[in-house]
Amino acid sequence: MTNSQNQNNSRSAIVTGASSGIGQATVRALRAQGWNVFAVARRADRLESLAAETGAVALTADVSVQADVDALVSVVEAQGGVDTLINCAGGARGSDHWAEAKDEDWEFMWQANVMGTMRLTRALLPSLRTSAGTILNVTSTAALSSYEGGSGYNAAKAAQRAMTQALRLEEVGNGVRVIEVLPGLVHTEEFALRRLGTKEAAEKVYAGVAEPLTAEDVAEVIRYAVSAPSHVNLDEIVIRPQAQAANHKLIRQS
């Protein structure tokens, strides 16, 4: 074990959205550095595999459901609590223009990105104040710039960003560090597929982009941000692939 790992043996985090993508990669990154990690997601089979691989504690829960949040927090506190909360759970669904917007898609995005983040953060704030802990929310560059077919996701991520900014102001006097990470184009196994519904449509999102970000790229930024000395606050970190200068400016090779 490295010195860095030894220094982080006492650090403990909850990572939501841990069954795939950025959340899963973040669990691996923190465990590799010696953190104690509670990996949270809805899919028990994936969590159990991740726990067996990494030594994380698997906790099956839907953070948009208050009863699940209550049960989750009880288990975590019974095992000593955490000093860090990393809200990765979220997602997009659909790419309809507003005129064809589907209520169920918008409701999913609001619950997954906004209400889930609010409920778990609210539940853990008392203990995070006591530990002068850290809250890191993974939002998106979709919060910074809207685009056609993205209104529901733009709205959810912009709300999550606004919540994060308000939380930082509210909790600074309590010693709680609040960080926002805003990824651009990240190629993960499920994000575009779950949003668009077919493998063909998902592949078009990344077509011709030589090196989109990976979940591991974002996880490494998260790992660094929460591992920095407690007086160092990286308020907001925008991370994009080099080929993406802005949401609307993405270089694709023919």
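Refer to the structure above for everything that follows.
Just so it is clear, the model here is predicted, and its values are computed rather than measured.

## Considerations on the nonpolar core
For step 1, the next point in the chain: By size, the foremost hydrophobic cluster in this structure holds 31 residues, and its most contacted members are Val27, Leu30, Ile86, Leu136, Val181, Val218 and Ile222.
For step 2, the next point in the chain: Of all the secondary-structure elements, those providing two or more residues to this core are strand 1 (12-16), helix 2 (21-32), strand 2 (36-41), helix 3 (44-54), strand 5 (134-138), strand 6 (177-183), helix 9 (215-227) and strand 7 (236-239).
For step 3, the next point in the chain: No other element matches helix 9, which puts 6 residues into this core.
For step 4, the next point in the chain: Not counting the four nearest positions on each side in its chain, Val181 is found in contact with Leu136, Asn137, Val138, Thr139, Ser140, Val218, Ile222, Ile237 and Ile239.
For step 5, the next point in the chain: Listed in part, the 21 residues of the second largest apolar core include Phe38, Val69, Val82 and Leu125.

## Quick word on the environment of Val172
For step 1, the next point in the chain: In this fold, Val172 is placed in the loop between helix 6 (151-171) and strand 6.
For step 2, the next point in the chain: Given a relative accessible area of 59%, Val172 falls into the exposed group.
For step 3, the next point in the chain: The sequence separation of Val172 and Arg195 amounts to 23 residues, and the corresponding C-alpha distance is 35 Å.

## Some remarks on helix 4 (residues 66-78)
For step 1, the next point in the chain: With 13 residues, helix 4 should cover 18 Å at 1.5 Å per step; its first-to-last C-alpha distance of 18 Å lies within 8% of that length.
For step 2, the next point in the chain: On its buried face, helix 4 sits against strand 1, strand 2, strand 3 (57-60) and helix 5 (103-130).
For step 3, the next point in the chain: Among the residues trailing helix 4, Gly80 stands out with phi positive, at a value near 105 degrees.

## Focus: unusual backbone geometry
For step 1, the next point in the chain: Its identity is not glycine, yet Ala132 carries a phi of approximately 50 degrees, on the positive side.
For step 2, the next point in the chain: Within the secondary structure, Ala132 is located in the loop between helix 5 and strand 5.

## A short note on the pairing of strand 5
For step 1, the next point in the chain: For strand 5, the buried fraction is high: 5 of the 5 residues fall into the buried class.
For step 2, the next point in the chain: The alternating pattern of strand 5 places Thr134, Leu136 and Val138 on one face and Ile135 and Asn137 on the opposite face, and all of these are buried.
For step 3, the next point in the chain: By the bridge criterion, 4 bridges tie strand 4 (residues 84-87) to strand 5 in an arrangement that is parallel. Counted as the bridge partner of Ile86 is Leu136 from strand 5.
For step 4, the next point in the chain: By the bridge criterion, 5 bridges tie strand 5 to strand 6 in an arrangement that is parallel.

## Observations concerning the side chain of Gln24
For step 1, the next point in the chain: Examined against the element boundaries, Gln24 turns out to sit in helix 2.
For step 2, the next point in the chain: Engagement of the side chain of Gln24 in a polar contact is seen with the side chain of Arg28, the distance being 3.1 Å.
For step 3, the next point in the chain: Ignoring any residue separated from it by four or fewer positions in sequence, one finds Gln24 in contact with Gly17, Ala18, Ser19, Arg46 and Leu50.

The rules we used
Residues numbered from 1 in each chain as written. Predicted model: local features only at pLDDT ≥ 70, side-chain atom pairs only at ≥ 80, totals over all residues. Heavy atoms only, no water. Core = buried A, V, L, I, M, F, W, Y, C linked by side-chain atoms within 4.5 Å. Buried < 20%, exposed > 50% of the residue type's maximum accessible area, 1.4 Å probe, protein only. Helix = DSSP H or I, 4+ residues; strand = E, 2+ residues; numbered from the N terminus. Contact = heavy atoms within 4.5 Å. Expected span 1.5 Å × (residues − 1). Pairing = 2+ DSSP bridges. Polar contact = N/O pair within 3.5 Å; in protein donor to acceptor, adjacent residues only side chain to side chain.

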